[in-house]
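Here is how the chains run, residue by residue.
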Amino acid sequence: MDVDYWNRLAVGFSESVFEVTERDARGVIRKTARRLGDKRATAADFGCGAGASTRAVAPFFKRVTGVDFSAKLLAVARAKTDADNVRYRKADLAAMDPRLFRCDVAFCFNVLLSPETSARAAIAANVIGAIRRGGAGVFIAPSLESELRSYQVALACRTGAGFARGVAAREMDASARRDVVSLSQGVVNLGGAPTKHFFQDEIAELLTECGLHDVAVSRVRYPWDVVLDDAPDDMPYAEPWDWIAIGRKG
Ligand SMILES: C[S@@+](CC[C@H](N)C(=O)[O-])C[C@H]1O[C@@H](n2cnc3c(N)ncnc32)[C@H](O)[C@@H]1O
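The rules we used
Residues numbered from 1 in each chain as written. Predicted model: local features only at pLDDT ≥ 70, side-chain atom pairs only at ≥ 80, totals over all residues. Heavy atoms only, no water. Patch = residues over 30% accessible without salt bridge, like charges linked within 9 Å, V, L, I, M, F, W, Y side chains within 5 Å. Areas by Shrake-Rupley, 256 points an atom, 1.4 Å probe, with all protein chains shown as cover. Salt bridge = Lys/Arg side-chain N within 4 Å of Asp/Glu carboxyl O. Lys, Arg positive; Asp, Glu negative; His and termini not counted. Charge placed at Lys NZ, Arg CZ, Asp CG, Glu CD. Helix = DSSP H or I, 4+ residues; strand = E, 2+ residues; numbered from the N terminus. Buried < 20%, exposed > 50% of the residue type's maximum accessible area, 1.4 Å probe, protein only. Pairing = 2+ DSSP bridges. Axes fitted to C-alpha atoms, helices over the stretch in contact; angles between N-to-C directions. Contact = heavy atoms within 4.5 Å. Core = buried A, V, L, I, M, F, W, Y, C linked by side-chain atoms within 4.5 Å. Near = heavy atom within 4 Å. Polar contact = N/O pair within 3.5 Å; in protein donor to acceptor, adjacent residues only side chain to side chain. Phe/Tyr/Trp six-rings, centres within 6.5 Å; stacked < 30°, edge-to-face > 60°. Lys NZ or Arg CZ within 6 Å of the ring centre and 35° of its normal. Right-handed = clockwise from strand over helix to strand, strands pointing away.

(A) Quick look at a positive patch on the surface. Judged by side-chain charge, Lys62, Arg63, Arg78, Arg87 and Arg89 come together as a positively charged surface patch. Counting only elements with at least two residues in the positive patch, the list comes to β2 (61-68) and β3 (86-90). Take Arg87: it is sitting in strand β3. Residue class for Arg87 comes out partly exposed when judged on its relative accessible area of 33%.

(B) Region of the structure containing the sheet that holds strand β4 (residues 103-109). Taken in spatial order, the seven strands make up an open sheet running β3-β2-β1-β4-β5-β10-β9, and their pairing is mixed. Only two strands of the sheet have a single neighbouring strand rather than two, namely β3 and β9 (212-221). Taken over all neighbouring pairs, the strand axes of this sheet differ in orientation by 20° on average, direction set aside. Relative to strand β5 (residues 131-142), β4 runs parallel, the two being bridged by six bridges. Paired with Phe109 across the two strands is Ile140, which belongs to β5. Taken strand by strand, helix α6 (residues 117-129) contacts β1 (38-46), β4, β5, β9 and β10 (241-249), and its axis lies near 145° from that of β5.

(C) Summary view of a nonpolar patch on the surface. A cluster of nonpolar side chains, namely Leu148, Leu183 and Phe199, defines an oily patch on the protein surface of about 260 Å² accessible area. Summarising the element assignment, Phe199 is placed in the loop between β8 (193-196) and α9 (200-209).

(D) Quick look at the nonpolar core. Formed by 32 residues in total, the largest nonpolar core has its most connected members in Phe46, Leu112, Phe139, Ile203 and Leu207. Looking at this core, the elements with two or more residues in it are β1, β4, α6, β5, α9, β9 and β10. What Ile203 contacts, discounting residues up to four positions off in sequence, is Leu112, Ala141, Phe198, Val217, Trp243 and Ala245. Judged by nonpolar contacts, the second largest core, of 25 residues, contains Ile29, Ala43, Ala77 and Ala136.

(E) Seen up close, the site of the ligand. Taken together, 20 residues surround the ligand, and among them Gly47, Asp68, Asp92, Leu93 and Phe109 come closest. Note that a nitrogen atom of the ligand is positioned 3.3 Å from one of the side-chain N or O atoms of Ser53. In the model, a nitrogen atom of the ligand is placed 3.3 Å from a nitrogen or oxygen of the Phe69 main chain. Within the complex, the protein chains bury 96% of what would otherwise be the 590 Å² of accessible surface of the ligand.

(F) Layout of the packing of aromatic side chains. The full count for this structure, using the stated rule, is seven aromatic pairs. Ring geometry for Phe61 and Phe107: centres 5.8 Å apart, planes at 80°, overall edge-to-face. Placement of Phe61 in strand β2 and of Phe107 in strand β4 is noted, with a sequence separation of 46 residues between them. An aromatic cluster of three or more residues is present, and its members are Tyr5, Trp6 and Phe13. The aromatic ring of Phe198 is capped on one face by Lys196, whose charged end is 5.0 Å from the ring centroid.

(G) Summary view of the pattern of salt bridges. Within the structure shown, the criterion is met by seven salt bridges. Across the pair Asp38 and Arg40 runs a salt bridge, and its minimum N-O distance is 2.9 Å. The exposure class assigned to Asp38 is partly exposed, which follows from its relative accessible area of 27%. On the accessibility criterion, Arg40 (68% relative accessible area) is exposed. Residue Arg132 is joined to Asp104 by a salt bridge in which the shortest nitrogen-to-oxygen separation is 3.3 Å. One end of the pair, Arg132, is in strand β5; the other, Asp104, is in strand β4, with 28 residues separating them in the sequence. By relative accessible area, Asp104 is classed as partly exposed at 23%.

(H) Representation of the pairing of β3 within the structure. As judged from the five bridges shared by β2 and β3, these two strands associate in the parallel manner. Within the sheet, the bridge partner assigned to Thr65 lies in β3 and is Arg87. In the classification by handedness, the crossover that spans β2, the intervening helix α5 (residues 71-80) and the parallel β3 is right-handed.

Below, the structure written as structure tokens:
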């Protein structure tokens, strides 16, 4: 998932890439931005992509800077953004000088996706490094628990539709074997790209090691059709989720 990978996705990004702010079933992201926001405060959206997350948080701050290393995605973000308190800047989060992007609140949604531990840690440390003392960091990341749970729910849907349990279970196990690149490292193929998924404790630990304290982790739920193609409208199961981890900079 280098810069070329993201540049290639720029055309039709909102259709082909999951933008969590657009599918946040319970409005958790906007509620969080409202709670942390202040018209005197500045925010930055690190790994802003096509700017959906930047535009979602912008109404709650004096100024928001969207930062990404993909020039093509930044061009899409600029074209889609009307708000005059938003600006976009190009930088590699793993190599940037955090002092250039000082902010009171840092948002970083679905960017810690690399299978490489050191690449994720470099980004997390730089994003947290940009936050002023007393400020907050808000990270969203894929949940390994949610990913595993979706196989169980798919199995329940199949048996509910009349498939023999043994047959459906073998189908789900085969699907999991195709998707899961490394269970011990939480790496799962998403759209062909090996993508880091976190246990709840794990995302809290990473952010704490990188300088946030009092990290609280909860869920951003999204509709079942994001993960199951044939999900019925009346699914009786709690929706899948990403983690939203919020902590303070001391
Ligand atoms: C899945 S998209 C998320 C976009 C946006 N935050 C959202 O939630 O809609 C991941 C974004 O992170 C950016 N990104 C990944 N690694 C980066 C890095 N090292 N430096 C800057 N941006 C990076 C990609 O270019 C892409 O725009």
